[in-house]
Amino acid sequence: MLHEKYIKLKSILREMESVAVAFSGGVDSTFLLKVAVDVLEPENVVAITANSESFPSVELEESKALASLIGAKHIIIETSELNLPGYAENTKDRCYFCKKGLFNDVYPIMNKYGFKNVVYGLIADDMGDHRPGLRAAKELDVRGPLQEAGLYKTEIRELSREIKLPTWDKPAMACLSSRIAYGETITQEKLTKVEKSEFFIKKLGIRQVRVRTHEEIARIEVDPPDLKVILENYKVVSNALESYGYKYVTLDLAGYKSGNMNKMIAQGVSKV
């Protein structure tokens, strides 16, 4: 079944003939870019990465290295999500404004090179979660070949391992804005706080971390086995995060969960 989906993905891309890939360097977009290059040849593929306030600098450098490894033409565009109408207010539709702005920036590049499609790393898992970015993709006719092929994250990791992509076991990533509680205004200061805090915690040997921000409170999420690492280093972690601007530093005992802030939507938080 898995390899049938892989064959279907190749068929979908082959029918597209040429693609501009919205490329973050994460597990999904890296796999999509690699398969697109293999199927369509490098001259019919371009990877486009948006460097913005919410994109960690370490991820930007990694996206450059991955595109080079794959042999894809890579274009980095400078964008500012904080200047997008509706984005900084951080409502439950924040990702709609982000994706719409991104795709609007990608289309001119697609047209410049005469490519026929814009694609991004939508996967089958995304169809059961709160994904306002999907609405933007539909409005602008941006396709998600991985989702169209019915591929789930675990399957993409397995296929990535088989074709020897270094991202096969890369931790899930998301924009820095996803750490800030819905209803709180997103600012450069808050994004910088989050980026510094997560970078510090990763230096302890923790791969998967989110520093969720609730006003002046940092709520640290790590995988359950890493909870003890935070507790063993609670003093240095607390001191570091306080030096970055948090007044209170907490540890979520439930551990890391992708899309955890979406609980606020389910609970009907008034601010969103």
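Conventions we followed
- Residues numbered from 1 in each chain as written.
- Predicted model: local features only at pLDDT ≥ 70, side-chain atom pairs only at ≥ 80, totals over all residues.
- Heavy atoms only, no water.
- Pairing = 2+ DSSP bridges.
- Helix = DSSP H or I, 4+ residues; strand = E, 2+ residues; numbered from the N terminus.
- Right-handed = clockwise from strand over helix to strand, strands pointing away.
- Phe/Tyr/Trp six-rings, centres within 6.5 Å; stacked < 30°, edge-to-face > 60°.
- Buried < 20%, exposed > 50% of the residue type's maximum accessible area, 1.4 Å probe, protein only.
- Lys NZ or Arg CZ within 6 Å of the ring centre and 35° of its normal.
- Salt bridge = Lys/Arg side-chain N within 4 Å of Asp/Glu carboxyl O.
- Axes fitted to C-alpha atoms, helices over the stretch in contact; angles between N-to-C directions.
- Contact = heavy atoms within 4.5 Å.
- 1 Å grid on protein atoms, 1.4 Å probe; cavity = no way out; pocket = protein on both sides within 12 Å on 5 of 7 lines; lining within 4 Å.
- Points joined across faces, edges and corners; volume = space filled by probe spheres on them.
- Nonpolar A, V, L, I, M, F, W, Y, C, P; charged D, E, K, R; others polar.
- Domains from an automatic or database assignment.
- UniProt positions renumbered as here; feature names shortened; annotations may be inferred.
- Arc of directions from axis to C-beta.

- The protein goes by ATP-utilizing protein in an unreviewed UniProt entry, where it is assigned to Mesobacillus subterraneus.

**Here we look at the pairing of strand E3 (residues 73-78)**
Right, so step 1: Of the pairings in the sheet, the one linking strand E2 (residues 45-51) to E3 comprises six bridges and is parallel in character. Directly across from Asn51, in E3, lies its bridge partner Glu78.
Right, so step 2: Taken together, E2, helix H3 (residues 57-70) and E3 form a β-α-β motif whose crossover is right-handed.

**Quick look at the packing of aromatic side chains**
Right, so step 1: In the structure shown here, the tally under the stated rule is four aromatic pairs.
Right, so step 2: When the centroid spacing of 5.2 Å and the interplanar angle of 70° are considered together, the rings of Phe103 and Tyr120 count as edge-to-face. Highlighted residues: Phe103 in helix H4 (residues 94-112) and Tyr120 in the loop between strand E4 (117-119) and helix H5 (132-139), separated in sequence by 17 residues. Tyr120 matches Phe103 in its accessibility class, with the two residues each being buried.
Right, so step 3: Aromatic side chains Tyr113 and Phe115 sit 6.0 Å apart centroid to centroid with 35° between the ring planes, which places their arrangement in the tilted category.
Right, so step 4: Against the face of Tyr6 rests Lys10, its NZ or CZ located 4.4 Å from the ring centre.

**Thoughts on the pattern of salt bridges**
Right, so step 1: Per the counting criterion, the structure on display carries 18 salt bridges.
Right, so step 2: For the salt bridge of Arg135 with Asp93, the shortest nitrogen-to-oxygen distance reads 3.7 Å. Of this pair, Arg135 sits in helix H5 while Asp93 sits in the loop between E3 and H4; the two residues are 42 residues apart in sequence, bridging distant segments of the chain.
Right, so step 3: Arg135 gets classed as partly exposed once you look at its relative accessible area, which sits at 38%.
Right, so step 4: In this structure, the salt-bridge partner of Arg219 is Glu221, at a minimum N-O distance of 2.6 Å. Per residue, the accessibility class of Arg219 equals that of Glu221, and both read buried.

**Looking at the sheet that holds E4**
Right, so step 1: Taking strand neighbours across the sheet as the criterion, the four strands line up as E3-E2-E1-E4 in an open arrangement whose pairing is parallel. Among the strands making up the open sheet, the edge pair consists of E3 and E4. Pairs of neighbouring strands in the sheet enclose a mean axial angle of 25°, with direction left out of account.
Right, so step 2: Sheet strands in contact with H3 are E2 and E3, and its direction is about 160° off that of E3.

**A look at the layout of surface pockets**
Right, so step 1: When its volume is computed, the second largest pocket comes out at roughly 370 Å³.
Right, so step 2: What lines the second largest pocket is a set of 21 residues, and nearest its centre among them are Pro56, Val58, Glu59, Lys202 and Arg207.
Right, so step 3: Elements with a minimum of two residues in the lining of the second largest pocket: H3 and helix H8 (188-202).
Right, so step 4: Looking at the lining of the second largest pocket, its residues break down into nine nonpolar, two polar and ten charged.
Right, so step 5: No fewer than three residues from each of domain 1 (1-163) and domain 2 (176-267) sit in the lining of the second largest pocket.

**Focus: the UniProt feature "active site" (unreviewed entry) in the protein**
Right, so step 1: The UniProt entry lists Cys175 under the feature "active site" (unreviewed entry), expressed in the numbering used here.
Right, so step 2: Owing to a relative accessible area of 24%, Cys175 belongs among the partly exposed residues under this scheme.
Right, so step 3: With sequence-adjacent residues up to four places away left out, Cys175 is seen in contact with Ser54 and Tyr87.

**Remarks on the sheet that holds strand E6 (residues 217-222)**
Right, so step 1: With mixed pairing, the three strands of this open sheet are ordered in space as E5-E6-E7. Of all strands in the sheet, those bounded by a partner on one side alone are strand E5 (209-214) and strand E7 (248-251). In this sheet, adjacent strand axes meet at a mean angle of 25° when their direction is disregarded.
Right, so step 2: Bridge count for E5 against E6 is six bridges, and the pairing is antiparallel. If you follow Thr213 over to E6, its bridge partner there is Ala218.
Right, so step 3: This element, H8, spans E5 and E6 of the sheet and lies at about 145° to E5.

**As for helix H7 (residues 153-162)**
Right, so step 1: Of the residues making up H7, those classed as buried are Glu155, Ile156, Leu159 and Ser160. The buried residues of H7 occupy an angular sector of 135° when projected down its axis, which confines them to one face.
Right, so step 2: Buried-residue contacts for H7 involve helix H1 (2-16), helix H2 (27-40) and helix H6 (145-148).
Right, so step 3: One or two residues past the end of H7 sits Lys164, with phi positive at roughly 65°.

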